[in-house]
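Structure assessment
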Amino acid sequence: MAAARVSRSRCGLCLLLAAVLGSVHYSGALEIYTPNDLIYVENGTYAKLPCTFKSTDVTSSMTSITWTYTEEGSTAAGLVIFYYIGGKQYPGQLPRFKDRVTWAGDINNRDVSIKIDKITFKDNGTYSCSVMNPPDISSTPKQIKLYVVEKNNLPASNVPFLVGIICASIGGILIIAIIVFAVVITKKKRSRKDYTGAQ
């Protein structure tokens, strides 16, 4: 009788452990990524807001994406400007974004990007990307700050500058290596001559 009670209590502990491990599996498994947290766009053009996610579960018709917008300087909660589920797009709550926000992603490749047409200075603010992929629903939304600038006034890219620094560094290392190699060869030649002269 005592053995039966021990067996039942062990079985109960096993079920409890399985439930805990099952919940741990989904905890924080969904991760959202944005390549840049700051984007500059020229007035009158369009903006693509890139966002991707990683999930332990396959995507399905239940996978949903929500994009929200918060005006620059506002502390209020973001307002939905785009919602996507089951292959269908739904407009958000702000009339000024109507017919301007479109799907630019590929759910099968876990790309949940959107595009905003006819960008104006009023579009400055923070855009948040949120994804739910049931049963994988625990995630932290990612934010992108959008700044609209006058045409031909985009900030200069740092890429050419960084490429120049890298090339200069590699060139400097090669020059030092050639000098060291030349010095070593010269010393070897001299030591051979000295050895021959000693004979």
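Anything mentioned here points back to the structure above.
Residues numbered from 1 in each chain as written. Predicted model: local features only at pLDDT ≥ 70, side-chain atom pairs only at ≥ 80, totals over all residues. Heavy atoms only, no water.

With that settled, the discussion passes to the pattern of salt bridges. The final tally for this structure, using the stated rule, is four salt bridges. The network of salt bridges with common partners includes E71, R96, R100 and D123. (Salt bridge = Lys/Arg side-chain N within 4 Å of Asp/Glu carboxyl O.)

Spatially, 3-9-8 is the arrangement adopted by the three strands of the open sheet, whose pairing is antiparallel. Of all strands in the sheet, those bounded by a partner on one side alone are strand 3 (47-49) and strand 8 (101-103). Here the strands of the sheet are splayed against their neighbours by 25° on average, with no regard to which way each runs. Relative to strand 9 (residues 114-116), strand 8 runs antiparallel, the two being bridged by three bridges. When the bridges of strand 9 are listed, W103 appears paired with I114. (Pairing = 2+ DSSP bridges. Helix = DSSP H or I, 4+ residues; strand = E, 2+ residues; numbered from the N terminus. Axes fitted to C-alpha atoms, helices over the stretch in contact; angles between N-to-C directions.)

Our next topic: the sheet that holds strand 5 (residues 64-71). Strand order across the open sheet formed by six strands is 2-11-10-5-6-7, with mixed pairing between neighbours. Looking at which strands have only one partner, the edges of the open sheet turn out to be strand 2 (38-42) and strand 7 (88-91). In this sheet, adjacent strand axes meet at a mean angle of 20° when their direction is disregarded.

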